[in-house]
Amino acid sequence: MQITFQTVHFTADQKLKDYIEDKLQKVVKFYPKILQSTVFLKLENSGQVKDKVVEIKMNVPGSTLVATNSDKTFEASFDDAVEIIKRQLKKHNEKAQAVR
């Protein structure tokens, strides 16, 4: 699986990128045919406490799955977005199994 990072309004450090890559590699067990993942990391300066936004776009055969979440830290925001992606992958896998 290819992982691409897009950062908006800041530069992500290697520790954050390694954390995200490690978590995304574990998602493959839910659906092994993931083609590509793009992770958008955004820093919104709107004066809110939850200003760290993570958006994950995952390309699987026949579909694109998207999850977005915001929280106080990028790690917490990413963890919640990954849980959303896991649910979507499980549902996509069940639909694929039902078609066969």
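Residues numbered from 1 in each chain as written. Predicted model: local features only at pLDDT ≥ 70, side-chain atom pairs only at ≥ 80, totals over all residues. Heavy atoms only, no water.

**Student:** Even after reading the chapter, I still don't get the side chain of D51, so can you show me in this structure?
**Tutor:** Examined against the element boundaries, D51 turns out to sit in the loop between β2 (36-43) and β3 (52-60). What makes D51 buried here is its relative accessible area of 14%. Within the structure, the side chain of D51 is placed 3.2 Å from the side chain of K52, a separation counted as a polar contact. In contact with D51, other than residues within four places in its own chain, are K42, L43, E44 and D71. (Helix = DSSP H or I, 4+ residues; strand = E, 2+ residues; numbered from the N terminus. Buried < 20%, exposed > 50% of the residue type's maximum accessible area, 1.4 Å probe, protein only. Polar contact = N/O pair within 3.5 Å; in protein donor to acceptor, adjacent residues only side chain to side chain. Contact = heavy atoms within 4.5 Å.)

**Student:** Please clarify how helix α2 (residues 74-99) should be interpreted in this entry.
**Tutor:** An α-helix turns once per 3.6 residues; consequently, residues spaced three or four apart project the same way. For α2, spanning 26 residues, the distance from its first C-alpha to its last is 37 Å, which sits close to the expected 38 Å at 1.5 Å a residue. The set of residues buried in α2 consists of F74, S77, F78, A81, V82, I85, L89 and H92. Tucked inside the fold, the buried residues of α2 contact α1 (14-27), β2, β3 and β4 (63-71). (Expected span 1.5 Å × (residues − 1).)

**Student:** Is there a simple way to think about the side chain of D71 in this case?
**Tutor:** Within the secondary structure, D71 sits in strand β4. Those residues in contact with D71 that sit more than four places away from it in its chain are V49, K50, D51, K52, A76, S77 and D80.

**Student:** How should unusual backbone geometry be read in this particular structure?
**Tutor:** Residues other than glycine seldom take positive phi values, yet H9 does so here, at roughly 70 degrees. Relative to the helices and strands, H9 resides in the loop between β1 (2-8) and α1.

**Student:** Would you mind going over a negative patch on the surface with me for this structure?
**Tutor:** A cluster of acidic residues, D13, D18, E21 and E75, forms a negative patch at the surface. By the element assignment, E75 lies in helix α2. Accessibility expressed as a relative area gives 33% for E75, which makes it partly exposed. (Patch = residues over 30% accessible without salt bridge, like charges linked within 9 Å, V, L, I, M, F, W, Y side chains within 5 Å. Areas by Shrake-Rupley, 256 points an atom, 1.4 Å probe, with all protein chains shown as cover. Salt bridge = Lys/Arg side-chain N within 4 Å of Asp/Glu carboxyl O. Lys, Arg positive; Asp, Glu negative; His and termini not counted. Charge placed at Lys NZ, Arg CZ, Asp CG, Glu CD.)

**Student:** How should the pairing of β1 be read in this particular structure?
**Tutor:** Side-chain positions along a regular strand alternate between the two faces of the sheet. The pairing of β1 with β2 spans 7 bridges and is classified as parallel. Directly across from V8, in β2, lies its bridge partner K42. (Pairing = 2+ DSSP bridges.)

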